[in-house]
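The primary structure of each chain is shown beneath.
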Amino acid sequence: DTTLEPQATYSAFCMGLSKRWLFLMRTTPNISELFAPLESAITNIFLPAAVNNHFTPLHRERFSLPCRNGGLGIDNPCASDLEHQRSLAATAPLSQIIIEQNTI
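Described in the following lines is the structure provided in the data block. Remember, it's a predicted structure, so these values are computed and weren't measured experimentally.

A few points about the nonpolar core
Here is step 1: Core analysis: the biggest nonpolar cluster contains 13 residues, and Phe 13, Trp 21, Ile 42, Leu 47 and Ile 74 have the highest contact counts within it.
Here is step 2: Sorting the residues of this core by element identifies α1 (6-27) and α2 (36-51) as the ones contributing at least two each.
Here is step 3: For this core, the element with the highest residue contribution is α1, accounting for 5 residues.
Here is step 4: Setting aside residues no more than four positions away along its own chain, Phe 13 makes contact with Ser 18, Trp 21, Ile 42, Phe 46 and Ile 74.

As for the packing of α1 against α2
Here is step 1: Contact geometry of α1 with α2 gives a least axis separation of 11 Å together with a crossing angle of 165 degrees. By the angle between their axes, α1 is roughly antiparallel relative to α2. Handedness of the α1/α2 crossing: left-handed. Judged by residue contacts, Pro 6, Thr 9, Tyr 10, Phe 13 and Trp 21 of α1 engage Leu 38, Ile 42, Phe 46 and Ala 50 from α2.
Here is step 2: Its residues assigned to classes, the contact of α1 with α2 shows 8 nonpolar, 1 polar and no charged.

Some details on the pattern of salt bridges
Here is step 1: Going through the model one piece at a time under the given rule, you end up with 3 salt bridges.
Here is step 2: Linking Arg 26 and Glu 83 is a salt bridge whose minimum nitrogen-to-oxygen distance equals 3.2 Å. Within this pair, whereas Arg 26 is found in helix α1, its partner Glu 83 is found in helix α4 (residues 80-100), the two being separated by 57 residues in sequence.
Here is step 3: Relative accessible area serves as the criterion here: at 39%, Arg 26 is assigned to the partly exposed category.
Here is step 4: A relative accessible area of 12% places Glu 83 in the buried class.
Here is step 5: Measuring nitrogen to oxygen at the nearest pair gives 2.8 Å for the salt bridge that ties Glu 39 to Arg 60. With Glu 39 in helix α2 and Arg 60 in helix α3 (residues 57-63), this pair connects stretches of sequence that are 21 residues apart. Across this residue pair, the class does not change: Glu 39 and Arg 60 are buried.
Here is step 6: Each of Arg 26, Glu 83 and Arg 86 takes part in one network of salt bridges that share partners.

Thresholds, definitions, all that
Residues numbered from 1 in each chain as written. Predicted model: local features only at pLDDT ≥ 70, side-chain atom pairs only at ≥ 80, totals over all residues. Heavy atoms only, no water. Core = buried A, V, L, I, M, F, W, Y, C linked by side-chain atoms within 4.5 Å. Buried < 20%, exposed > 50% of the residue type's maximum accessible area, 1.4 Å probe, protein only. Helix = DSSP H or I, 4+ residues; strand = E, 2+ residues; numbered from the N terminus. Contact = heavy atoms within 4.5 Å. Axes fitted to C-alpha atoms, helices over the stretch in contact; angles between N-to-C directions. Parallel < 35°, antiparallel > 145°, perpendicular 65-115°, else oblique. Left-handed = near helix turned anticlockwise from the far one by under 90°. Nonpolar A, V, L, I, M, F, W, Y, C, P; charged D, E, K, R; others polar. Salt bridge = Lys/Arg side-chain N within 4 Å of Asp/Glu carboxyl O.

Below, the structure written as structure tokens:
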């Protein structure tokens, strides 16, 4: 129950569940719209229950910030196109070396 154990729920969400779809977001292009029901559940069910308080879109925006910036690090899964682009940019040099069969 989220209201009884909010810290355990948050930990399970951030360290386990969200990592599963983060992998999918980074490896599969053009799937943002498919995550809309998940984002709706996060925004309308999970987060209001976890904070046990009135919840607004501003809260959702703030909670998506990294912890170091005052957020909770609960990403919006509808931003998967951005995650995919970041993944491509991060792996481009190594991918090119593999394609060309060069050594590092």
